[in-house]
Amino acid sequence: PVQWKAESIDENTLEREREPQRQVWRIVPESDRPSAPAWVVGAIVHEAIAACHFPDDPQFDEWVVARSRAHGIADSRQLERARQEARRLLGRFQGHHFYSEMLAADRRLHEVEYSIDSNGGVESGAIDVLYLKDDQWKVVEIKTDEVRKGQAPGDLKKYPRYLDQARRYGRAFRDLLGQEPEVHLCFLNAAGTVQVVKVEGF
(Lines give C-alpha, C1' and ligand atoms only; values in the text may rest on other atoms or scores of the structure.)
Protein backbone atom coordinates (compact mmCIF):
# COMPACT_ATOMS: atom_id res chain seq x y z
CA PRO A 1 0.00 0.00 0.00
CA VAL A 2 1.18 3.51 -0.81
CA GLN A 3 0.41 6.43 1.45
CA TRP A 4 -1.10 9.22 -0.62
CA LYS A 5 1.46 11.82 0.24
CA ALA A 6 4.63 12.83 -1.51
CA GLU A 7 7.84 11.83 0.20
CA SER A 8 9.74 14.13 -2.15
CA ILE A 9 8.85 16.28 -5.11
CA ASP A 10 11.62 17.80 -7.18
CA GLU A 11 11.66 21.49 -8.10
CA ASN A 12 10.75 20.82 -11.75
CA THR A 13 7.54 19.12 -10.66
CA LEU A 14 6.78 21.76 -8.03
CA GLU A 15 7.11 24.45 -10.70
CA ARG A 16 4.65 22.62 -13.00
CA GLU A 17 2.11 22.22 -10.21
CA ARG A 18 2.43 25.76 -8.84
CA GLU A 19 -0.98 27.43 -8.54
CA PRO A 20 -1.15 30.11 -9.69
CA GLN A 21 1.72 29.83 -12.14
CA ARG A 22 4.75 31.94 -11.30
CA GLN A 23 4.71 35.33 -13.03
CA VAL A 24 6.99 38.35 -13.18
CA TRP A 25 5.28 40.72 -10.77
CA ARG A 26 7.04 44.01 -11.46
CA ILE A 27 5.52 45.83 -14.41
CA VAL A 28 8.20 48.54 -14.49
CA PRO A 29 11.81 47.40 -13.97
CA GLU A 30 13.77 49.15 -11.24
CA SER A 31 17.03 49.50 -13.18
CA ASP A 32 17.88 51.46 -16.32
CA ARG A 33 19.33 48.33 -17.93
CA PRO A 34 16.97 45.60 -16.76
CA SER A 35 17.79 41.97 -17.29
CA ALA A 36 15.15 39.32 -17.76
CA PRO A 37 14.66 37.19 -14.63
CA ALA A 38 16.92 34.14 -14.79
CA TRP A 39 14.02 31.80 -14.01
CA VAL A 40 12.11 33.10 -17.05
CA VAL A 41 15.10 32.54 -19.34
CA GLY A 42 15.59 29.07 -17.87
CA ALA A 43 11.93 28.18 -18.39
CA ILE A 44 12.03 29.41 -21.99
CA VAL A 45 15.20 27.45 -22.75
CA HIS A 46 13.66 24.25 -21.37
CA GLU A 47 10.45 24.86 -23.32
CA ALA A 48 12.44 25.53 -26.49
CA ILE A 49 14.45 22.31 -26.19
CA ALA A 50 11.28 20.29 -25.56
CA ALA A 51 9.52 21.90 -28.55
CA CYS A 52 12.62 21.90 -30.79
CA HIS A 53 12.57 25.70 -31.19
CA PHE A 54 16.13 26.87 -31.89
CA PRO A 55 17.70 30.07 -33.21
CA ASP A 56 17.89 28.74 -36.78
CA ASP A 57 14.07 28.71 -36.85
CA PRO A 58 12.79 31.90 -38.58
CA GLN A 59 10.00 32.12 -36.00
CA PHE A 60 12.34 31.71 -33.02
CA ASP A 61 12.52 35.35 -31.86
CA GLU A 62 8.78 35.82 -32.14
CA TRP A 63 8.20 32.61 -30.19
CA VAL A 64 10.59 33.65 -27.38
CA VAL A 65 8.92 37.05 -27.02
CA ALA A 66 5.49 35.39 -26.86
CA ARG A 67 6.66 32.93 -24.20
CA SER A 68 8.31 35.76 -22.23
CA ARG A 69 5.04 37.67 -22.23
CA ALA A 70 3.23 34.53 -21.09
CA HIS A 71 5.59 34.43 -18.09
CA GLY A 72 4.64 38.01 -17.23
CA ILE A 73 7.34 40.17 -18.83
CA ALA A 74 5.87 43.38 -20.26
CA ASP A 75 8.85 45.74 -20.45
CA SER A 76 10.29 45.92 -23.98
CA ARG A 77 13.87 46.00 -22.69
CA GLN A 78 13.38 42.89 -20.59
CA LEU A 79 11.73 41.16 -23.54
CA GLU A 80 14.77 41.95 -25.66
CA ARG A 81 17.17 40.70 -22.99
CA ALA A 82 15.19 37.47 -22.64
CA ARG A 83 15.33 37.01 -26.41
CA GLN A 84 19.09 37.64 -26.52
CA GLU A 85 19.84 35.34 -23.60
CA ALA A 86 17.67 32.47 -24.88
CA ARG A 87 19.20 32.81 -28.34
CA ARG A 88 22.72 32.79 -26.87
CA LEU A 89 22.22 29.71 -24.67
CA LEU A 90 20.34 27.68 -27.27
CA GLY A 91 22.72 28.64 -30.07
CA ARG A 92 25.61 27.53 -27.90
CA PHE A 93 23.85 24.23 -27.21
CA GLN A 94 23.29 23.67 -30.94
CA GLY A 95 27.03 23.95 -31.48
CA HIS A 96 27.81 21.20 -28.97
CA HIS A 97 28.18 17.53 -29.92
CA PHE A 98 25.68 16.56 -27.21
CA TYR A 99 22.92 18.32 -29.19
CA SER A 100 23.85 16.39 -32.33
CA GLU A 101 23.80 13.12 -30.40
CA MET A 102 20.36 13.89 -29.01
CA LEU A 103 19.04 14.69 -32.49
CA ALA A 104 20.40 11.39 -33.82
CA ALA A 105 18.85 9.37 -30.98
CA ASP A 106 16.72 6.35 -31.81
CA ARG A 107 14.10 7.70 -29.44
CA ARG A 108 13.87 10.98 -27.53
CA LEU A 109 11.42 12.16 -24.87
CA HIS A 110 11.19 15.53 -23.13
CA GLU A 111 9.84 16.62 -19.75
CA VAL A 112 9.16 13.02 -18.64
CA GLU A 113 7.16 12.99 -15.43
CA TYR A 114 7.28 10.03 -13.06
CA SER A 115 6.07 8.92 -9.65
CA ILE A 116 7.45 5.93 -7.77
CA ASP A 117 6.93 4.26 -4.43
CA SER A 118 9.55 5.50 -1.99
CA ASN A 119 9.61 4.21 1.59
CA GLY A 120 5.84 3.96 1.76
CA GLY A 121 5.28 7.33 0.14
CA VAL A 122 5.56 8.78 -3.35
CA GLU A 123 8.56 10.39 -5.00
CA SER A 124 7.70 12.53 -8.01
CA GLY A 125 9.94 14.20 -10.54
CA ALA A 126 10.32 15.31 -14.14
CA ILE A 127 13.29 14.40 -16.34
CA ASP A 128 14.30 17.12 -18.81
CA VAL A 129 15.47 14.81 -21.61
CA LEU A 130 15.46 11.05 -21.93
CA TYR A 131 16.86 9.48 -25.07
CA LEU A 132 17.92 6.12 -26.45
CA LYS A 133 21.10 5.81 -28.49
CA ASP A 134 22.77 2.52 -29.48
CA ASP A 135 20.68 0.56 -26.96
CA GLN A 136 21.72 2.87 -24.11
CA TRP A 137 19.19 5.12 -22.39
CA LYS A 138 20.50 8.51 -21.27
CA VAL A 139 18.94 10.75 -18.64
CA VAL A 140 19.80 14.43 -19.04
CA GLU A 141 19.19 17.27 -16.60
CA ILE A 142 19.74 20.67 -18.24
CA LYS A 143 20.93 23.64 -16.18
CA THR A 144 20.90 27.26 -17.33
CA ASP A 145 22.34 28.75 -14.11
CA GLU A 146 25.52 30.71 -14.66
CA VAL A 147 28.71 28.87 -13.71
CA ARG A 148 31.64 31.28 -13.60
CA LYS A 149 35.30 30.62 -14.20
CA GLY A 150 36.83 28.80 -11.26
CA GLN A 151 33.53 27.05 -10.53
CA ALA A 152 33.97 24.17 -12.96
CA PRO A 153 30.87 21.94 -12.94
CA GLY A 154 33.14 18.90 -13.28
CA ASP A 155 33.61 19.16 -9.51
CA LEU A 156 30.11 18.05 -8.57
CA LYS A 157 30.83 18.39 -4.86
CA LYS A 158 30.15 22.09 -5.38
CA TYR A 159 26.68 21.27 -6.70
CA PRO A 160 25.15 18.80 -4.22
CA ARG A 161 21.56 19.80 -5.03
CA TYR A 162 22.06 19.17 -8.75
CA LEU A 163 23.89 15.94 -8.06
CA ASP A 164 21.15 14.63 -5.76
CA GLN A 165 18.50 15.55 -8.31
CA ALA A 166 20.29 13.77 -11.18
CA ARG A 167 20.88 10.69 -9.05
CA ARG A 168 17.18 10.55 -8.13
CA TYR A 169 16.31 10.55 -11.82
CA GLY A 170 18.78 7.75 -12.50
CA ARG A 171 17.41 5.63 -9.67
CA ALA A 172 13.82 6.26 -10.74
CA PHE A 173 14.55 5.19 -14.31
CA ARG A 174 16.38 2.07 -13.13
CA ASP A 175 13.63 1.12 -10.68
CA LEU A 176 10.79 1.70 -13.16
CA LEU A 177 12.34 0.13 -16.26
CA GLY A 178 14.90 -2.27 -14.83
CA GLN A 179 17.71 -0.83 -16.96
CA GLU A 180 20.84 1.06 -15.99
CA PRO A 181 20.86 4.49 -17.68
CA GLU A 182 23.66 6.95 -18.18
CA VAL A 183 22.95 10.14 -16.26
CA HIS A 184 24.28 13.53 -17.31
CA LEU A 185 24.12 17.10 -16.08
CA CYS A 186 24.29 19.51 -19.01
CA PHE A 187 25.34 23.06 -18.10
CA LEU A 188 24.53 25.56 -20.87
CA ASN A 189 26.08 28.58 -19.15
CA ALA A 190 29.42 27.34 -17.82
CA ALA A 191 31.88 30.21 -18.22
CA GLY A 192 30.67 30.85 -21.76
CA THR A 193 30.60 27.19 -22.80
CA VAL A 194 28.47 24.06 -22.64
CA GLN A 195 29.77 21.44 -20.23
CA VAL A 196 28.33 17.96 -19.86
CA VAL A 197 29.15 16.01 -16.72
CA LYS A 198 28.44 12.32 -16.28
CA VAL A 199 26.90 11.48 -12.91
CA GLU A 200 27.98 8.28 -11.21
CA GLY A 201 26.85 6.39 -8.14
CA PHE A 202 23.08 6.50 -8.19
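Residues numbered from 1 in each chain as written. Predicted model: local features only at pLDDT ≥ 70, side-chain atom pairs only at ≥ 80, totals over all residues. Heavy atoms only, no water.

(A) Region of the structure containing the side chain of Arg-83. Among the secondary structure elements, Arg-83 is positioned in helix 4 (residues 76-94). Judged by its relative accessible area of 18%, Arg-83 is buried. Of the polar contacts made by the side chain of Arg-83, one reaches the side chain of Asp-61; its length is 3.4 Å. Every residue in contact with Arg-83, bar those within four places of it in the chain, is listed here: Asp-61 and Val-64. (Helix = DSSP H or I, 4+ residues; strand = E, 2+ residues; numbered from the N terminus. Buried < 20%, exposed > 50% of the residue type's maximum accessible area, 1.4 Å probe, protein only. Polar contact = N/O pair within 3.5 Å; in protein donor to acceptor, adjacent residues only side chain to side chain. Contact = heavy atoms within 4.5 Å.)

(B) Focus on empty space enclosed by the protein. Per the counting criterion, the structure on display carries 1 cavity of 30 Å³ or more. In this structure, the largest cavity occupies an estimated 50 Å³ of space. If you trace the largest cavity, you find it lined by Ile-49, Cys-52, Phe-54, Tyr-99, Met-102, Leu-103, Arg-108 and His-110. Elements represented by at least two residues in the lining of the largest cavity include exactly helix 5 (97-103) and strand 2 (107-118). Grouping the amino acids of the lining of the largest cavity by side-chain chemistry returns 6 nonpolar, 1 polar and 1 charged. (1 Å grid on protein atoms, 1.4 Å probe; cavity = no way out; pocket = protein on both sides within 12 Å on 5 of 7 lines; lining within 4 Å. Points joined across faces, edges and corners; volume = space filled by probe spheres on them. Nonpolar A, V, L, I, M, F, W, Y, C, P; charged D, E, K, R; others polar.)

(C) Layout of the packing of helix 3 (residues 60-70) against helix 4. Packing of helix 3 against helix 4 brings their axes to within 9 Å, and their N-to-C directions diverge by 125°. Between helix 3 and helix 4, the angle falls in the class oblique. The hand of the helix 3/helix 4 crossing is right-handed. Contacts from Phe-60, Asp-61, Val-64, Val-65, Ser-68 and Arg-69 of helix 3 reach helix 4 at Leu-79, Ala-82, Arg-83, Ala-86, Arg-87 and Leu-90. Taken together, the residues that form the contact of helix 3 with helix 4 break down as 7 nonpolar, 1 polar and 4 charged. (Axes fitted to C-alpha atoms, helices over the stretch in contact; angles between N-to-C directions. Parallel < 35°, antiparallel > 145°, perpendicular 65-115°, else oblique. Left-handed = near helix turned anticlockwise from the far one by under 90°.)

(D) Focus on the pattern of salt bridges. Scanning the model with the defined rule gives 11 salt bridges in all. Between Glu-85 and Arg-88 there is a salt bridge, with the nearest N and O atoms lying 2.4 Å from each other. A residue pair is termed a helical-turn pair when its members lie 3 or 4 positions apart in one helix, as Glu-85 and Arg-88 do in helix 4 at 3 residues. Among the residues examined, Glu-85 registers a relative accessible area of 23% and is labelled partly exposed. Given a relative accessible area of 34%, Arg-88 falls into the partly exposed group. Close ionic contact of Glu-141 with Lys-143 constitutes a salt bridge, the shortest N to O distance being 3.0 Å. Both residues of the pair, Glu-141 and Lys-143, count as buried. Because the salt bridges share partners, they merge into one network encompassing Asp-61, Glu-80, Arg-83 and Arg-87. (Salt bridge = Lys/Arg side-chain N within 4 Å of Asp/Glu carboxyl O.)

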